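# Structural overview
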Amino acid sequence: MKLVADKLIGDAAREAYDLIALPGGMPGAERLRDSAPLNEMMRTQLESGRLSAAICATPAVFLQAKGLLDGSKATAHPAFSGQLADQSAVAQRVVVDGTLTTSRGPGTAFEFALELVKQLYSEDKAREVRARVPVQCVARILVRFHSSMRACLAGGGTGLFRFMGARGRSRGWSVFRFVYTRCTDAALLHDHMVSCER
């Protein structure tokens, strides 16, 4: 997917927004932090009491570094959460403190997005969006991966998995566990996985 900006930051800074949501990643978070117009936009947004959000490295690298958290509880990617002054909420997947919402990273991005939908629209709208997520597709992929891993381990490893070696297979299981345990609706995903395995 290719994303193309449709407005320069200088032009965007002249407008008011219901929500400003900042993405994460590096060095993207540093580039956000170093943008003077964006700094002013975020300061104005927070001071006005309008909705603000940030995910991954950005709460620490940008908001904390620029003094924009101002005692607010927040979380960030585990590699950066140690930089947050208030450590009381860093283990939470999504943190809402007043009009500021923060989240940890890719594994929590869907929950983060649903929280913003709830704030902008309603709890009902967030549930509607959540219900449209193709959990069945995710389940099928995980079932196939899970089955391949089981067959590989039972047979001593064949093809790519044999090439991966013990460490690679261990990482494979870690990926499976990571995706499965961090699914927004693990119970629903499990039901679909069981159905797919039949």
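A few points on the structure. (Residues numbered from 1 in each chain as written. Predicted model: local features only at pLDDT ≥ 70, side-chain atom pairs only at ≥ 80, totals over all residues. Heavy atoms only, no water.)

For a regular strand, side-chain orientation follows a simple rule: the groups alternate between the two sheet faces. Bridge count between strand β3 (residues 94-97) and strand β4 (residues 100-103): four bridges; the pairing is antiparallel. Counterpart to Val94 in the pairing with β4 is Ser103. The turn linking β3 back onto β4 is made up of two residues, and Gly98 within it adopts a positive phi angle of 70°. (Pairing = 2+ DSSP bridges. Helix = DSSP H or I, 4+ residues; strand = E, 2+ residues; numbered from the N terminus.)

Further remarks concern helix α5 (residues 109-120). One turn of the α-helix equals 3.6 residues, which is why residues spaced by three or four share an orientation. Over its 12 residues, α5 extends 16 Å from the first C-alpha to the last, a length consistent with the 16 Å expected when each residue adds 1.5 Å. Taken as a whole, α5 has its buried residues at Phe112, Leu114, Glu115, Leu116 and Val117. Along its buried surface, α5 packs onto β1 (19-22), β2 (51-55), β3, β4 and α6 (123-131). (Expected span 1.5 Å × (residues − 1). Buried < 20%, exposed > 50% of the residue type's maximum accessible area, 1.4 Å probe, protein only. Contact = heavy atoms within 4.5 Å.)

Adjacent strands of a sheet pair through backbone hydrogen bonds, lying either parallel or antiparallel. An order of β1-β2-β4-β3 is seen for the four strands of this open sheet, with the pairing classed as mixed. Strand pairing shows two members of the sheet lacking a second neighbour, β1 and β3, which therefore form its edges. Taking each pair of neighbouring strands and ignoring which way they run, the sheet shows an average axis angle of 10°. Sitting on the sheet, helix α3 (residues 36-48) touches β1, β2 and β4, and the angle it makes with β1 is about 130°. Helix-sheet contacts for α5 involve β1, β2, β3 and β4, and the interaxial angle to β2 is about 175°. (Axes fitted to C-alpha atoms, helices over the stretch in contact; angles between N-to-C directions.)

A word on the nonpolar core. Counting residues in hydrophobic clusters, the biggest one holds 22 residues, and the most contacted among them are Leu22, Leu38, Met42, Phe62, Leu63, Leu69 and Leu84. Among all residues touching Leu69, those that are not within four sequence positions of it are Pro59, Leu63, Gln64, Ala74, Leu84 and Leu100. Listed in part, the five residues of the second largest apolar core include Ala53, Cys56, Phe112 and Leu116. (Core = buried A, V, L, I, M, F, W, Y, C linked by side-chain atoms within 4.5 Å.)

Applying the stated criterion across every chain, the model contains 11 salt bridges. The partner of Asp11 in a salt bridge is Arg14, with the nearest N and O atoms 2.6 Å apart. Take Arg14: its relative accessible area is 67%, and that puts it in the exposed class. A salt bridge links Arg132 to Glu128, with the shortest nitrogen-to-oxygen separation between them at 3.4 Å. (Salt bridge = Lys/Arg side-chain N within 4 Å of Asp/Glu carboxyl O.)

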